Amino acid sequence: MKIAVCVKHVPEQQAKRIDPATKRLDRSGEGGLNPFDSNAIEEALRVKEATGDGEVVLVSLGPEKALDSMRKGLAMGADRAVLVSDDAAAGSDLVATSLVLAKALEREQADLVLFGQQASDSDGAVLWAAVADRLRLPLVSQAAELTVADGKARVKRQTEFGYDVIEATLPAVVAVSDAINEPRYPSLKGIMGAKKKPQERVGADELGIESAQLGEAGSRTEVIALNDPPARGDTTRIEDDGSASEKIVEFLAERRMV
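Observations concerning the packing of helix H3 (residues 94-108) against helix H4 (residues 127-135)
So, point 1. H4 packs onto H3 with a crossing angle of 55° between their chain directions and a minimal axis gap of 9 Å. One element, H3, and the other, H4, form an angle in the oblique class. Judged by the sense of rotation from one axis to the other, the crossing of H3 with H4 is right-handed. Contact residues: Leu-94, Val-95, Thr-97, Ser-98, Leu-99, Leu-101, Ala-102, Leu-105 and Glu-106 in H3; Leu-127, Ala-130, Val-131, Arg-134 and Leu-135 in H4.
So, point 2. Across the contact of H3 with H4, the residue classes tally to ten nonpolar, two polar and two charged.

Thoughts on the packing of helix H1 (residues 35-51) against helix H2 (residues 66-76)
So, point 1. Where H1 meets H2, the axes come as close as 10 Å, and the angle between the chain directions of the two elements is 30°. In terms of orientation, H1 and H2 fall into the roughly parallel class. As H1 packs across H2, the resulting crossing turns out to be right-handed. From H1, Ser-38, Ile-41, Glu-42 and Leu-45 reach across to H2, where they touch Lys-72, Gly-73 and Met-76.

Considering the environment of Glu-200
So, point 1. Counting through the fold element by element, Glu-200 comes out in strand E13 (residues 199-202).
So, point 2. Take Glu-200: its relative accessible area is 30%, and that puts it in the partly exposed class.
So, point 3. C-alpha of Glu-200 to C-alpha of Val-84: the two residues are 116 residues apart in sequence and 8.4 Å apart in space.
So, point 4. With residues near it in sequence (within four places) discarded, Glu-200 still touches Ala-81, Val-82, Leu-83 and Arg-107.
So, point 5. Within polar-contact distance, the side chain of Glu-200 engages the side chain of Arg-107 at 2.5 Å.

Notes on a nonpolar patch on the surface
So, point 1. A cluster of nonpolar side chains, namely Ile-18, Val-223 and Leu-226, defines an oily patch on the protein surface of about 240 Å² accessible area.
So, point 2. Relative to the assigned elements, Ile-18 resides in strand E3 (residues 18-19).
So, point 3. We classify Ile-18 as partly exposed; its relative accessible area is 41%.

A look at the side chain of Ser-177
So, point 1. Structurally, the position occupied by Ser-177 is in the loop between strand E12 (172-176) and helix H5 (188-194).
So, point 2. A polar contact of 3.3 Å, which involves the side chain of Ser-177, links it to the side chain of Gln-158.
So, point 3. In contact with Ser-177, other than residues within four places in its own chain, are Asn-39, Gln-117, Gln-142, Ala-143, Ala-144 and Gln-158.

Some words on the nonpolar core
So, point 1. Core analysis: the biggest nonpolar cluster contains 35 residues, and Ile-3, Val-5, Ile-41, Leu-58, Leu-112, Leu-114 and Leu-146 have the highest contact counts within it.
So, point 2. Top contributing element to this core by residue count: H2, with six residues.
So, point 3. Not counting residues within four places of it along the chain, the set of residues in contact with Leu-114 comprises Ile-3, Ala-4, Val-5, Cys-6, Ala-40, Glu-43, Ala-44, Leu-146 and Val-174.

A look at the sheet that holds strand E8 (residues 112-116)
So, point 1. The mixed open sheet is built from nine strands, whose spatial order is E11-E10-E9-E12-E8-E1-E6-E7-E13. Lying at the two open borders of the sheet, with one neighbouring strand each, are strand E11 (162-169) and E13. Across the sheet, the axes of successive neighbouring strands diverge by a mean angle of 30°, strand direction being ignored.
So, point 2. Pairing between strand E6 (residues 55-61) and strand E7 (residues 80-84): five bridges, direction parallel. Bridge pairing links Val-57 to Arg-80 in E7.
So, point 3. Contacts from H3 reach strand E1 (2-6), E6, E7, E8 and E13 within the one sheet, and its direction differs from that of E6 by about 155°.

Rules used in this analysis
- Residues numbered from 1 in each chain as written.
- Predicted model: local features only at pLDDT ≥ 70, side-chain atom pairs only at ≥ 80, totals over all residues.
- Heavy atoms only, no water.
- Axes fitted to C-alpha atoms, helices over the stretch in contact; angles between N-to-C directions.
- Helix = DSSP H or I, 4+ residues; strand = E, 2+ residues; numbered from the N terminus.
- Parallel < 35°, antiparallel > 145°, perpendicular 65-115°, else oblique.
- Left-handed = near helix turned anticlockwise from the far one by under 90°.
- Contact = heavy atoms within 4.5 Å.
- Nonpolar A, V, L, I, M, F, W, Y, C, P; charged D, E, K, R; others polar.
- Buried < 20%, exposed > 50% of the residue type's maximum accessible area, 1.4 Å probe, protein only.
- Polar contact = N/O pair within 3.5 Å; in protein donor to acceptor, adjacent residues only side chain to side chain.
- Patch = residues over 30% accessible without salt bridge, like charges linked within 9 Å, V, L, I, M, F, W, Y side chains within 5 Å.
- Areas by Shrake-Rupley, 256 points an atom, 1.4 Å probe, with all protein chains shown as cover.
- Salt bridge = Lys/Arg side-chain N within 4 Å of Asp/Glu carboxyl O.
- Core = buried A, V, L, I, M, F, W, Y, C linked by side-chain atoms within 4.5 Å.
- Pairing = 2+ DSSP bridges.

So this is what it looks like as structure tokens:
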């Protein structure tokens, strides 16, 4: 069984800032593996271990330094990494990004595609749906448990009111929640061995993607403007000395809100 895990290199939380010139997230600083993707990698490794055979391949779109993040996944136990890196892809939105990942996954022909539930930089939680749509594959999200057997993925899916149990015929796409497992820590042996594992860099043209389909040119969304939140108005502090409820009612009454 081949399991592909889509991962993302994201800026460190303390380094997150918007570049006012491009109106995009500044990715020039320090970064690392998206925390939610660690859960997806861990689950892929568990499925591989449960089936007794297979391959776990990491797939990502990003700059050259994204390989540093992917090596963490290799150190955890993934077998190889495929990075699609192309200068023309800078500024790609959901539409352009999903196209690149779908083309890379078509090339891999994986039996199971795993995503983390969301990325910590944008918190979009929709990329996996766009990729599944492009691949025309069944999709299950918010996976809290995952088992694979007899050519099917059985998923226990978190919902607002409890859980759904859903079966999908492979190949399929599954987005896992951070409740599904506790990612393992890479061992020293794993960290050293990660450097020797296959790490392939692929250009968009090698996937049959034209530059006009990438970056801002290939995106369907545009940031028009960025502004600071409006200043807060006057505030009134009410101390609870036993008459707080009356003061609140008076405050609301003065503004004709009750």
